[in-house]
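Chains, contacts and geometry: an overview
The primary structure of each chain is shown beneath.
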Amino acid sequence: MGPILLLGASGQLGTDLSAALAGPQLVPLARRDLDVTDSEAVERTVAAIAPTVVLNTTAFNRVDDAESDARPAFAVNAVSVHDLARACERHGARLVHFSTDYVFGGAGPGPFSEDAAPAPLNAYGVSKLAGEYAVRSAGTRHLVIRSSGLYGVAGSSGKGGNFVETMLRLAREQKPIRVVDDQVLAPTYTADLAEAVRRFLAADPPGGIYHLTNSGVCSWFEFARRIFALCGLRPDVAPTTSEALGAPARRPANSVLANTRWAALGLAPLRPWPEALEAYLQAKSHLTGQ
Ligand SMILES: NC(=O)c1ccc[n+]([C@@H]2O[C@H](COP(=O)([O-])OP(=O)(O)OC[C@H]3O[C@@H](n4cnc5c(N)ncnc54)[C@H](OP(=O)(O)O)[C@@H]3O)[C@@H](O)[C@H]2O)c1
């Protein structure tokens, strides 16, 4: 195998992919190395490295901010993906692109299999769906991997960490915590996703869209409750509704992704989300002293 180019290498998933795919072939680039909205730099980089595989984990993922100004989301999630996919096509690289469960939600509840019709509810979801189409239309060999509710040790700089760290911070600050109980998902640990991607690439799967998440389903409230229970915390936490919370972006009530094509390849499902959460909390030393 030739060079593997990893974009977004300092993000949550990018950091864990850097570890899972570590080796002399891996070229991990963070934003300071390559701004993916600079199309000429993208072309130059792909031409110079001549990768066999490009993994693109970059994203504008501040879902609420994208509602009031969708331009930065479309620049990173769609236009730059269009440029990258065409650069991959020109230089013969296979593109592995990451997408989201938020491409669903406007047409019935999940679980959604890979061939379900997308119908995003918010600007972020529309921009990510546009990115998927940009990949598919470029004609390059590709895998689009949709996942959901990502949390990883590195945290997301764009989101100021991740949901787990936000919950722990609010508990430390002894603030009342209200979490929606009417949106369900499959929270996914980026270390598990990265390891699954490593196995996936080794299996040389047929191209197209794949859903890949930890197993099981919970609401954000149930997820929060499990975080506190595992850490032995007893904050003032109560369920609320999406309507009461009133976030700028609408979010799907159930965007759970059925990992249908992954299972059809005979690959083992990712472990249940509570086990993955415990492993994350251990890796972050949040369980120390119990
Ligand atoms: N987070 C979730 O809950 C979730 C759920 C489903 C799917 N996904 C998808 O999974 C993928 C990985 O998500 P993640 O949670 O690992 O995201 P993340 O931690 O926020 O990482 C995204 C990375 O993209 C980089 N980036 C943003 N704009 C860039 C630009 N113009 N040029 C170069 N790099 C740029 C960021 O760099 P900086 O740190 O310098 O900003 C960051 O390192 C994304 O495609 C996302 O849409 C995420």
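The structure under discussion appears in the preceding block.
What comes next is a walk through the structure. What you see is a predicted model, and the numbers here were worked out from it, not measured in a lab. Every residue gets a number counted from 1 within its own chain, in the order that chain's sequence is written. Restriction of local features to residues with pLDDT of at least 70 applies here, the model being predicted, together with a cutoff of 80 or more for giving and counting side-chain atom pairs; totals for whole chains, interfaces and linings are based on all residues. For side-chain calculations, the full set of non-hydrogen atoms in the structure is used, while hydrogens and water are omitted.

With that settled, consider the site of the ligand. Proximity is defined per residue: if any heavy atom of the residue lies within 4 Å of a molecule or strand, that residue is considered near it. Lining the immediate surroundings of the ligand are 28 residues, of which Arg 31, Tyr 124, Lys 128, Ser 156 and Ser 157 lie closest. Polar contact is defined as a pair of N or O atoms within 3.5 Å, subject to the rule that within protein one atom must be able to donate a hydrogen and the other to accept it, and that residues adjacent in sequence are counted only when both atoms are side-chain atoms. Backbone polar atom of Leu 13 to an oxygen atom of the ligand: 2.9 Å apart, as the coordinates give it. In the model, an oxygen atom of the ligand is placed 2.5 Å from a nitrogen or oxygen of the Ser 157 side chain. The protein chains shown are the only cover counted for residues, whose accessible areas, like all others here, come from Shrake-Rupley with a 1.4 Å probe. Starting from 900 Å² of accessible surface for the ligand in isolation, the protein chains cover 91%. Elements with a contribution of two residues or more to the shell around the ligand: α1 (12–20), β4 (94–100) and α5 (123–137). Each helix is a run of H or I in the DSSP string that is no shorter than four residues. Each strand is a run of E no shorter than two, and both are numbered from the N terminus. Among the elements that make up the shell around the ligand, the one with the highest residue count is β4 (3 residues).

So, about the pairing of strand β3 (residues 53–56). Each residue's exposure class comes from its accessible area (1.4 Å probe, protein chains only) as a fraction of the maximum for that residue type: buried when under 20%, exposed when over 50%, partly exposed otherwise. Where burial is concerned, the two faces of β3 agree: the one with Val 53 and Leu 55 and the one with Val 54 and Asn 56 are both buried. Where strand β1 (residues 4–7) lies against β3, 4 bridges are found, and the strand directions are parallel. Paired with Leu 6 across the strands is Leu 55, a residue of β3. Criterion used throughout: strands pair if DSSP finds at least two bridges between them.

So, on to the pairing of β1. A regular strand carries its side chains on alternate faces of the sheet. Neither face of β1 is open: one carries Ile 4 and Leu 6, the other Leu 5 and Leu 7, and all of them are buried. Relative to strand β2 (residues 26–29), β1 runs parallel, the two sharing 4 bridges. Bridge pairing in β2 places Leu 5 opposite Val 27.

On to the side chain of Ser 80. Take Ser 80: it is sitting in helix α4 (residues 71–91). By the convention used here, residues are in contact when the closest approach between their heavy atoms is within 4.5 Å. Here Ser 80 is in contact with Val 36, Thr 37 and Ala 75, once residues within four sequence places are set aside.

Among the structural elements, Thr 45 can be located in helix α2 (residues 39–49). Of the polar contacts made by the side chain of Thr 45, one reaches the backbone oxygen of Ala 41; its length is 2.6 Å. When sequence neighbours within four positions are dropped, the list of residues in contact with Thr 45 reads Leu 5, Leu 29 and Leu 34.

Take the sheet that holds β1 next. Pairing between the strands of a sheet comes from backbone hydrogen bonds, and it takes one of two forms, parallel or antiparallel. Strand order in this open sheet of 6 strands is β2-β1-β3-β4-β5-β10, and the pairing throughout is parallel. Sheet topology places β2 and β10 (208–211) at the edges, where each strand pairs with a single neighbour. Averaged over all pairs of adjacent strands, the angle between strand axes in this sheet comes to 20°, irrespective of strand direction. To get an axis, a line is fitted to the C-alpha atoms, and for a helix only the part in contact is used. The angle between two axes follows their N-to-C directions and goes from 0 to 180 degrees.

Turning to the pattern of salt bridges, a few remarks are in order. Salt bridges are defined by distance alone: a side-chain nitrogen of Lys or Arg within 4 Å of a carboxyl oxygen of Asp or Glu. Tallying each qualifying case throughout the model produces 11 salt bridges. Between Glu 132 and Arg 146 there is a salt bridge, with its nearest N and O atoms 2.7 Å apart. Residue Glu 132 is found in helix α5, and its partner Arg 146 is found in strand β5 (residues 142–147); the two are separated by 14 residues along the sequence. Each member of the pair, Glu 132 together with Arg 146, is buried. The partner of Arg 271 in a salt bridge is Asp 192, and the shortest N-O contact between them spans 2.8 Å. Taken together, the residues span a long stretch of sequence, with Arg 271 in the loop between α10 (260–264) and α11 (273–283) and Asp 192 in helix α7 (residues 190–202) at a distance of 79 residues. In the salt-bridge network here, residues are joined through shared partners; they are Arg 169, Glu 173 and Lys 175.

It is worth stressing that arrangement in space is one thing and function is another; only the former is reported here.
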